[in-house]
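One letter stands for each residue in the lines below.
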Amino acid sequence: MDISPSRPASRLTAALARGPVILDGAMGTELDARGVDTSHELWSALALIDRPAAISAVHTDYLTAGAQVITTNSYQASLPAFMRAGLDEGRARAALAASARLALEARAAHAAAGGRQAVVAGSVGPYGASLADGSEYTGDYRLDDAGWDAFHAPRLEILLDQGVDVIAVETMPRLDEAQAIVELLERLSPAARAWVSFQVDGGGERLADGTPLLRAASWAQEAAGVIAVGVNCVAPEAVLPALEAMRAVTTKPLVAYPNSGDLYHPSTKTWTVVPAERRFTAHARSWARAGARLIGGCCRTTPADTAVLATALTPAPPSG
């Protein structure tokens, strides 16, 4: 099967070659702020069923703030998860398609209003995310090749069929899963391209399952379908060591979209918001100097953070 994306990834590849490109931030955090219930196995994907307008509003806010890439709300969306929640297969497929359609419509409306023509990335999260047990942060699960294909193929097919520009293979705690997804993508659509971002330990040296990051980055260097490689959903302090390690083994653009840096207290289930100088945005220029070209935010980041990144990383126009 060859599902050709409606827009090539070449525009993003060209932009990454010119300098930093601003990615959007958290979806779940922004849905929570709008009163959308995400305390469910489906997490933010539940809104695809009952609050799609809220998803559209989040995409629009990130575009207005300066995001050059927005990501579909499909990280935790999968046919098995939707069907466990009570949807039949047809409705589950429609919900996945909606994740792409909402982002594409937001992009079109923003451009029609005079905004920048953004890139839409189809989010593909790990199998562990669908288990809703935190295993995307440990990699403590395993499928065989047929299992990876059976789980990931429907979402990839639907996102590609809807016309996303690029696939975001994100928060990957296991190298074998990332490899399986990229190989599957090549079979489904040889022209399609992806970035791959890994979940790493606090020192930025190993994936969550213990695989050396250097091994993962070396694989990405040789994978024709991978246009950029990096880390996401990690503490901000893990980013620079990870980027420096990857730069030693790959010439591809690097990716960095960590969590906000806020501190979580499990005993009280509360957060301490860190001051601006400790927030992830304070480190963005150093990440760009280390080779990061796709820079954004993950958990607990907001459109306000995106605006800070856009200001910090966009060159000033020439004077005179």
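Looking at an unreviewed UniProt entry, one finds the chain named Homocysteine S-methyltransferase and attributed to Actinomyces capricornis. Listed in UniProt under the heading Cofactor (unreviewed entry), the comment for the chain reads: "Zn(2+)".

Caption draft 1: Highlighting the pattern of salt bridges. Taken as a whole, this structure holds 12 salt bridges when the rule is applied. Between R101 and E105 there is a salt bridge, with the nearest N and O atoms lying 3.7 Å from each other. In this pair, R101 and E105 both sit in helix 6 (residues 89-112), four residues apart, roughly one turn of the helix. Here D149 and R187 are joined by a salt bridge, their closest N and O atoms 2.5 Å apart. You can see D149 sitting in helix 8 (residues 145-162) and its partner R187 sitting in helix 9 (residues 175-188), a full 38 residues away along the chain. When salt bridges that share partners are traced, they join D262, R279, R300 and D305 into one network.

Caption draft 2: The layout of surface pockets, seen in detail. Roughly 340 Å³ of internal volume is contained in the second largest pocket. As for the second largest pocket, its lining consists of 18 residues, and the residues nearest its centre are A15, P20, V21, Q68 and R116. Contributing elements (two or more residues each) for the lining of the second largest pocket: helix 1 (10-18), strand 1 (21-22) and helix 13 (303-313). No other element matches the four residues that helix 1 contributes to the lining of the second largest pocket. Classifying every residue of the lining of the second largest pocket gives 10 nonpolar, five polar and three charged.

Caption draft 3: Up close: the nonpolar core. With 83 residues, the main nonpolar core has F82, I167, F198, W219 and M246 as its most contacted residues. When residues in this core are grouped by element, the largest group, 10 residues, is from helix 6. When neighbours within four sequence positions are excluded, F82 is seen to be in contact with L42, A45, L48, I49, A77, L87, A92, A95 and L96. Counting residues in each nonpolar core, the second largest holds 19 residues, with A15, V21, V166 and A168 among its members.

Caption draft 4: The arrangement of the UniProt feature "binding site: Zn(2+)" (unreviewed entry) in the chain in detail. The residues that UniProt annotates with the feature "binding site: Zn(2+)" (unreviewed entry) are C233, C298 and C299. These annotated residues cover 67 residues of sequence, and their C-alpha atoms lie no more than 6.5 Å from one another, placing them together at a single site. Tracing the chain through its elements places C298 in the loop between strand 10 (292-295) and helix 13. Among the secondary structure elements, C299 is positioned in the loop between strand 10 and helix 13. Ignoring anything within four residues of it in the chain, the contact list for C299 reads A26, T29, C233, N259 and S260.

Caption draft 5: Region of interest: the state of the cysteines. Within the structure shown, the criterion is met by zero disulfides. With no disulfide of its own, C298 lies closest to C233 among cysteine sulfurs, the gap being 3.9 Å. Judged by its relative accessible area of 14%, C298 is buried.

Caption draft 6: Structural detail: the environment of G86. Relative to the helices and strands, G86 resides in the loop between helix 5 (79-84) and helix 6. Relative accessible area serves as the criterion here: at 58%, G86 is assigned to the exposed category. On a C-alpha basis, the gap between G86 and S130 in space is 15 Å, while along the polypeptide they are 44 residues apart.

Caption draft 7: Quick peek at the pairing of strand 5 (residues 194-198). Burial analysis of strand 5 places five of its five residues in the buried class, which makes it a mostly covered element. Residues of strand 5 alternate between two faces, with A194, V196 and F198 on one and W195 and S197 on the opposite face, all of them buried. Pairing geometry for strand 4 (residues 166-172) and strand 5, over four bridges, is parallel. Considered in strand 5, the bridge of V169 is made with V196. After leaving strand 4, the chain enters helix 9 and then returns to the sheet as strand 5, a path that is right-handed. Where strand 5 lies against strand 6 (residues 226-232), five bridges are found, and the strand directions are parallel. Within strand 6, the residue paired with V196 across the bridge is V229.

Rules behind the numbers
Residues numbered from 1 in each chain as written. Predicted model: local features only at pLDDT ≥ 70, side-chain atom pairs only at ≥ 80, totals over all residues. Heavy atoms only, no water. UniProt positions renumbered as here; feature names shortened; annotations may be inferred. Salt bridge = Lys/Arg side-chain N within 4 Å of Asp/Glu carboxyl O. Helix = DSSP H or I, 4+ residues; strand = E, 2+ residues; numbered from the N terminus. 1 Å grid on protein atoms, 1.4 Å probe; cavity = no way out; pocket = protein on both sides within 12 Å on 5 of 7 lines; lining within 4 Å. Points joined across faces, edges and corners; volume = space filled by probe spheres on them. Nonpolar A, V, L, I, M, F, W, Y, C, P; charged D, E, K, R; others polar. Core = buried A, V, L, I, M, F, W, Y, C linked by side-chain atoms within 4.5 Å. Buried < 20%, exposed > 50% of the residue type's maximum accessible area, 1.4 Å probe, protein only. Contact = heavy atoms within 4.5 Å. Disulfide = S-S within 2.5 Å. Pairing = 2+ DSSP bridges. Right-handed = clockwise from strand over helix to strand, strands pointing away.

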